[in-house]
Amino acid sequence: SPPKTITIEGRTYPLDSHMNTPPAILANIPRRLHLQKDHPLSITRQIIESRFPDHKRHNALFPVVSVHQNFDSLGFAPDHPGRAPSDTYYINKDTVLRTHTSAHEADTFRANESAGYLISADVYRRDAVDRSHYPVFHQMEGAQTWDRRNFSPYVSLADAIWADVEALPKHDIDVEDPNPTIHPERNPLQRAHHSPEEVEAIAAHLKRSLELVVVEIFTHAQRAAAGTDETASREPLRVRWVEAFFPFTSPSWELEVFWQGDWLEVLGCGVTKQDILIDAGVPERVGWAFGLGLERIAMLLFDIPDIRLFWSKDARFLSQFKEPDGKGEESGMMWDVKRFQSFSKYPAAPRDVAFWLPSTTSPAGGQLPATSGVPRQFHENDVMEVVREVAGSAVEDVRLVDEFVHPKTGRKSLCYRVNYRSLERTFTAEEVNALHEKLRKRLTEDLGVELR
Ligand code: PHE
C-alpha cells in the first residue's frame, strides 16, 4: 500500500488523495539557488536588497506551507483558480508548496520585528514548459508599514509618510503613470481603513521605492549590454505604472519596463489589505507590499536565454558569475555584471505526440483517471508535468500544434510538439527516441489518453 506520510527535510506530513507533487519537484527544494554563492539569482537578490538597507531579510523560510498561509490568509476566494490542482502542487488537502512569497506575509506582519522586510524564496507552480517557465522559480517580496500610534493630529500619518518620501533618493527616469491613484471601480480605496490622503502618500512612497529598484537593475543591465555591444541602449529607461488586481492589496499596480522593444512586467504591488494586518494582530499598522520574480530580472540583467540554465551544475555556466569580494553595498563597490556567454547551442530535436482525450460527456475534454487522486478535467499542465517527469530539463519547450474534434464522435484530439534539447551536449537520435517513447507510454498510463 502507498506510504501514509512524506518527510521533507525532516518535516513529516500526512498524505491523502490531493498529493500531486512528483519526487522530481521535491528534489529541487535543497538547491536554494537564491542563496548559492556567485549564482546569478543570488547576485540579483543582493542588488535589489542593496536598495533596502534597513529592511529585515528572511531568506530561509520553508517552502511547504498551509493552504491557509498561501491563500486564505491573503483573502483568496474559495473558488480562486490559483487553488486548482492543475496550477498548484499539493502535499495534502491542507498543505502546498508555496506558490508565492506572499504566503509568509501574515506571519511576518504578526512577528512585527521591523517596519520593513524582504523575503526571498523558491516558489512552485505547475505551468507550461518553455524557455521562460520552470515549475520552480524565485520571488522577492517586500513590505513597509507605519504605526498610526506614532502620529498625532499635528503631524498626520500622511504628512509623516510624505516626509519619508522626501527622504528617498531621487531619480531622473521618465515614468508614465496616467491613472489616478484611486479609482472607485478599478482600483478602490479601502474606505473603512484609509483616507485618500494616506493612500496618496503610501502610493508615492511605494512607487518611488520601486522605481529606484528598477533604476538600479536597469542601470546595471544597460551597462552590461553596452559592454558587449557598442550599439546597445544608451536610450533613456522607460517605465510605466499600470493598474492591477491582487486579493491582498488595494489599490494595486504593476510596474512595466520598456526592454528590447516590448513592455515587460517586472513586479506587482499595492497598499496592503488592512484585514491582513488586523488578522495579524497589528491593526494600527498601514503600508505597502510588492512581489517580483527574480528569474525574469536575472535573465535580462545577465542576458540568460533559457530559464533551465539557472539549475545547471555545469561550470561553463556557474563560473561566469562572480560576486564582488566583501559586501558590495558596504564598500560602495559596483556589482560587476557580465553578460552570459552562451556555450554553443546544441541542436534541437522536435518530436510530435498526438492523442485522443478520454471520451466524456463533457465537451471540455476528458476526465483524468481516479488513480492520480480526485478525478478531474484534463488540463494542459498535466501534459507538462508528465513531460517534466519523464524528460526533466532535456526539454526546451512543449507547444500545442494541432487540435481536432471528430465530427461524428465528438472526441477531441490534441497534438503537442515536444522540443528536446540539452543545454550541455548533443543528444543522439536514439536517446531522443527513447525519451519520446517513454513519454508516449506515460501519457497513456497517467492521463488515460489514447495515442494516435
Ligand atoms: N504575490 C504576487 C504574485 O505572485 C505579487 C505581489 C506581492 C503583489 C505583494 C502585491 C503585493 O504575483
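Residues numbered from 1 in each chain as written. Predicted model: local features only at pLDDT ≥ 70, side-chain atom pairs only at ≥ 80, totals over all residues.

Describing the sheet that holds strand β5 (residues 90-92)
Part 1: The 3 strands lie next to each other as β4-β6-β5, forming an open sheet whose pairing is antiparallel. Lying at the two open borders of the sheet, with one neighbouring strand each, are β4 (64-66) and β5. Adjacent strand axes in the sheet meet at a mean angle of 35 degrees when their direction is disregarded.
Part 2: Pairing between β4 and strand β6 (residues 95-97): 3 bridges, direction antiparallel. By the bridge assignment for β6, Ser-66 is matched with Thr-95. (Pairing = 2+ DSSP bridges. Helix = DSSP H or I, 4+ residues; strand = E, 2+ residues; numbered from the N terminus. Axes fitted to C-alpha atoms, helices over the stretch in contact; angles between N-to-C directions.)

Points about the environment of Trp-259
Part 1: Along the chain, the position of Trp-259 falls in strand β11 (residues 249-259).
Part 2: Counting along the chain gives 20 residues from Trp-259 to Val-239, while the straight-line C-alpha distance between them is 9.4 Å.
Part 3: The contacts of Trp-259, once residues within four sequence positions are left out, are Leu-264 and Leu-300. (Contact = placed C-beta atoms within 7 Å.)

Some details on helix α12 (residues 429-447)
Part 1: Spanning 19 residues, α12 covers 26 Å between terminal C-alpha atoms, matching the ideal 27 Å at 1.5 Å per step.
Part 2: For α12, the full list of buried residues reads Val-432, Leu-435, Leu-439, Leu-443 and Leu-447. Angular distribution of buried residues about the axis of α12 spans 80 degrees; they occupy a single face of the element. Exposed residues on α12 whose side chains face more than 90 degrees from its buried face are Glu-430, Ala-434, Glu-437, Lys-441, Thr-444 and Glu-445. (Expected span 1.5 Å × (residues − 1). Buried ≥ 20, exposed ≤ 12 C-beta atoms within 10 Å, placed from the backbone. Arc of directions from axis to C-beta.)

Re the site of the ligand
Part 1: Near the ligand you find His-100, Ser-102, Glu-141, Phe-246, Thr-249, Gly-268, Cys-269, Gly-270, Ala-289, Phe-290 and Gly-291, and these make up its full shell.
Part 2: Only β12 (262-272) and β13 (285-293) provide two or more residues apiece to the shell around the ligand.
Part 3: Its residues placed into classes, the shell around the ligand shows 4 nonpolar, 6 polar and 1 charged. (Near = placed C-beta within 6 Å. Nonpolar A, V, L, I, M, F, W, Y, C, P; charged D, E, K, R; others polar.)

Re the domain arrangement of the chain
Part 1: Per the domain assignment, the segments of the chain are domain 1 (5-331) and domain 2 (349-451).
Part 2: Computed from C-alpha coordinates alone, the two centres of domain 1 and domain 2 are separated by 33 Å.
Part 3: At the junction of the two partners, domain 1 supplies 22 residues and domain 2 supplies 19 residues.
Part 4: By residue class, the composition of the side of domain 1 that touches domain 2 is 9 nonpolar, 5 polar and 8 charged. (Domains from an automatic or database assignment.)

Section: unusual backbone geometry
Part 1: Here the amide bond leading from Ser-250 into Pro-251 is cis, since omega sits at -10 degrees, within 30 degrees of zero.
Part 2: Mapped onto the elements, Pro-251 comes out in strand β11.
Part 3: Even without being a glycine, Asn-112 presents a positive backbone phi close to 50 degrees.
Part 4: Locating Asn-112 in the fold gives a position in the loop between α4 (105-111) and β7 (116-124).
Part 5: The class for Asn-112 is partly exposed, based on 14 C-beta atoms found within 10 Å.
Part 6: With a phi close to 60 degrees, Asp-303 is a non-glycine residue in the positive phi region.
Part 7: A count of 18 C-beta atoms within 10 Å places Asp-303 in the partly exposed class.

Quick notes on the packing of helix α11 (residues 380-391) against α12
The geometry of a pair of packed helices is captured by two quantities: the angle between their axes and the separation between those axes.
Part 1: Their axes nearest at 9 Å, the elements α11 and α12 cross at an angle of 135 degrees. With respect to their mutual orientation, α11 and α12 come out oblique. Pair α11 / α12 crosses with right-handed handedness. Here Asp-382, Val-386, Val-387, Val-390 and Ala-391 of α11 come into contact with α12, specifically with Leu-435, Lys-438, Leu-439, Arg-442, Leu-443, Asp-446 and Leu-447.
Part 2: Among the residues forming the contact of α11 with α12, the class breakdown is 8 nonpolar, no polar and 4 charged. (Parallel < 35°, antiparallel > 145°, perpendicular 65-115°, else oblique. Left-handed = near helix turned anticlockwise from the far one by under 90°.)

Here's the deal with the sheet that holds strand β17 (residues 450-451)
Part 1: With respect to topology, 4 strands assemble into an open sheet ordered β15-β16-β14-β17, the strand pairing being antiparallel. On the outer flanks of this sheet lie β15 (395-405) and β17, each paired with one strand and no other.
Part 2: Relative to β17, strand β14 (residues 349-356) runs antiparallel, the two being bridged by 2 bridges. Bridge assignment links Phe-355 to a residue of β17, and that residue is Leu-451.
Part 3: Across the sheet, α11 touches β15 and β16 (412-420), and the angle it forms with β15 is around 140 degrees.
Part 4: Of the strands in this sheet, β14, β16 and β17 are in contact with α12, which crosses β14 at around 20 degrees.

What to know about the pairing of strand β1 (residues 5-8)
Along a regular strand, successive side chains alternate from one face of the sheet to the other.
Part 1: Where β1 lies against strand β2 (residues 11-14), 4 bridges are found, and the strand directions are antiparallel. Bridging from a neighbouring strand, Thr-7 pairs with Thr-12 of β2.
Part 2: Linking β1 back to β2 in an antiparallel pair, the connection comprises 2 residues, with Glu-9 at a positive phi of about 45 degrees.

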